[in-house]
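# Structural characterization, general
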Amino acid sequence: MKVAIVNNGEENSVRVAKRLMELLLDEKIKIDENTPEFVISVGGDGTLLKAFHNYQHRLSEVKFLGVHTGHLGFYTDWRDFELEELVASLKENRANSVSYPILDVQIGFRDGTKSKHYLALNESTIRRGSRTLVGDVLISDELFERFRGDGLSISTPTGSTAYNKSVGGAVIHPSIKAIQLAEIASLNNRVFRTLGSPIVIGQNEWVKVALQESDDYAVMIDQLEIKAENISSVCYRIASEEIHFASYRHTHFWNRVKDAFIGDGE
Ligand code: NAD
């Protein structure tokens, strides 16, 4: 078994990662940063996102696990005092995993530059500097609406509890193979009109945002900002790849949502 550990550089995470490495080596498990079968992130959800992007070229070979060193996260199931249990679970249940959909992002350019391709675990957003973004939203190549506003967010089911939720998107159970388009401050009045509510599309559909000519678009892919001139369109669909999680604790998803956003109420 080969394992890589990714931490967020914070003192506590570095200490936990070091302890985890010792426990893995005690069990004769190899540490291999280049061709791991398991990638363990130590930190928060942002660290798991970083680990995903570090190993996105090996998604079919890799299973992810998250140890949280702060508040309970959505991608981080294990607490930093449960490392022994985590290593035992890894050895016993190495074949067990759950897989969730991720987002395929294709950025097209006006000047003939070859389109660029990315994968997102949470979401991708398109914004335009400080000016109104104007773009035609096409669903499976049919014009749906002309959007005017701050921008658009397209999220995965596991990302639906992240930025998507902050812009009024629905929380989607991660077992559902879908992506969600949510508006960021759309302009709606007598002249300009958008649907005004998030939409969820399925496996055989795609969303394309055809952008007006401008050189100040910013496309976010999780934490990564793509700043490029001459962007003509961004196309989103459910990726053919998936993310696999190992030793995933099947905490009732809705309990996790309740714990994170509602709490006990009193
Ligand atoms: P970060 O680590 O500071 O994360 C920001 C917060 O988002 C953290 O509390 C984290 O736990 C939470 N988060 C991340 N993924 C989540 C998920 N799938 N479900 C529920 N909560 C989640 O920032 P970062 O490292 O730059 O992470 C980038 C992510 O943070 C982005 O993908 C975006 O979804 C999220 N974010 C959200 C907002 C917002 O809600 N207004 C703003 C910025 C970033």
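All values reported here derive from a predicted model rather than from experimental measurement. (Residues numbered from 1 in each chain as written. Predicted model: local features only at pLDDT ≥ 70, side-chain atom pairs only at ≥ 80, totals over all residues. Heavy atoms only, no water.)

It is worth spelling out the overall build of the protein chain at this point. On a plain count of helices and strands, the protein chain comes out with 5 helices and 16 strands. A compact globule built from 266 residues should have a C-alpha radius of gyration of about 18 Å, and the protein chain, at 20 Å, falls within 12% of that. Dimensions of the protein chain, computed from the C-alpha atoms along their principal axes, are close to 65 × 50 × 35 Å. Taking all 266 residues of the protein chain together, 50% fall into the buried category. A separation threshold of at least 6 residues defines the contact pool for the protein chain, and within that pool the share at least 24 residues apart is 71%. Carbon and sulfur atoms make up 46% of the accessible area of the protein chain, which amounts to about 13,100 Å² in all. If the 30 positive side-chain charges of the protein chain are averaged to one point and the 37 negative ones to another, these points end up 2 Å apart. (Helix = DSSP H or I, 4+ residues; strand = E, 2+ residues; numbered from the N terminus. Rg over C-alpha atoms; globule rule 2.2 N^0.38 Å. Buried < 20%, exposed > 50% of the residue type's maximum accessible area, 1.4 Å probe, protein only. Contact = heavy atoms within 4.5 Å. Areas by Shrake-Rupley, 256 points an atom, 1.4 Å probe, with all protein chains shown as cover. Lys, Arg positive; Asp, Glu negative; His and termini not counted. Charge placed at Lys NZ, Arg CZ, Asp CG, Glu CD.)

A few words now on the pairing of strand β14 (residues 217-221). Buried residues dominate β14, accounting for 4 of its 5 residues. Direction of pairing for strand β8 (residues 123-128) relative to β14: antiparallel, over a ladder of 5 bridges. In the strand pairing of β14, R127 is matched with A218. Strand direction decides the pairing type here: β14 and strand β15 (residues 224-227), joined by 4 bridges, are antiparallel. From the neighbouring strand, V219 faces β15, where its bridge partner is I226. If you look at the hairpin formed by β14 and β15, you'll find 2 residues sitting between the two strands, and D222 has a positive phi there, around 50°. (Pairing = 2+ DSSP bridges.)

When its domains are assigned, the protein chain resolves into domain 1 (2-96 + 247-261) and domain 2 (102-241). Between domain 1 and domain 2, the C-alpha centre-to-centre distance is 29 Å. Each partner contributes residues to the interface: domain 1 has 14 residues there, and domain 2 has 17 residues. Buried area between domain 1 and domain 2, summed over both chains or domains, comes out near 1,300 Å², and the portion from carbon and sulfur atoms is 72%. Of all residues in domain 1, the largest losses of buried area upon contact with domain 2 belong to L49, Y75 and F253, amounting jointly to 38% of the total for that side. At the boundary of domain 1 with domain 2, the tally comes to 0 salt bridges. The interface formed by domain 1 and domain 2 contains 4 residue pairs in polar contact (both at pLDDT 80 or more). Those elements that provide at least two residues to the side of domain 1 that touches domain 2 are α2 (45-54) and α5 (253-261). Ranked by residue count, the leading element in the side of domain 1 that touches domain 2 is α2, at 6 residues. (Domains from an automatic or database assignment. Buried area = accessible area lost by both parts, 1.4 Å probe. Salt bridge = Lys/Arg side-chain N within 4 Å of Asp/Glu carboxyl O. Polar contact = N/O pair within 3.5 Å; in protein donor to acceptor, adjacent residues only side chain to side chain.)

With respect to the helices and strands, T158 occurs in the loop between β10 (142-155) and α4 (163-166). Overall, the relative accessible area of 11% leaves T158 in the buried class. Of the polar contacts made by the side chain of T158, one reaches the backbone oxygen of L121; its length is 3.5 Å. Excluding anything up to four places from it in sequence, T158 contacts Y75, Y100, L121, N122 and P174.

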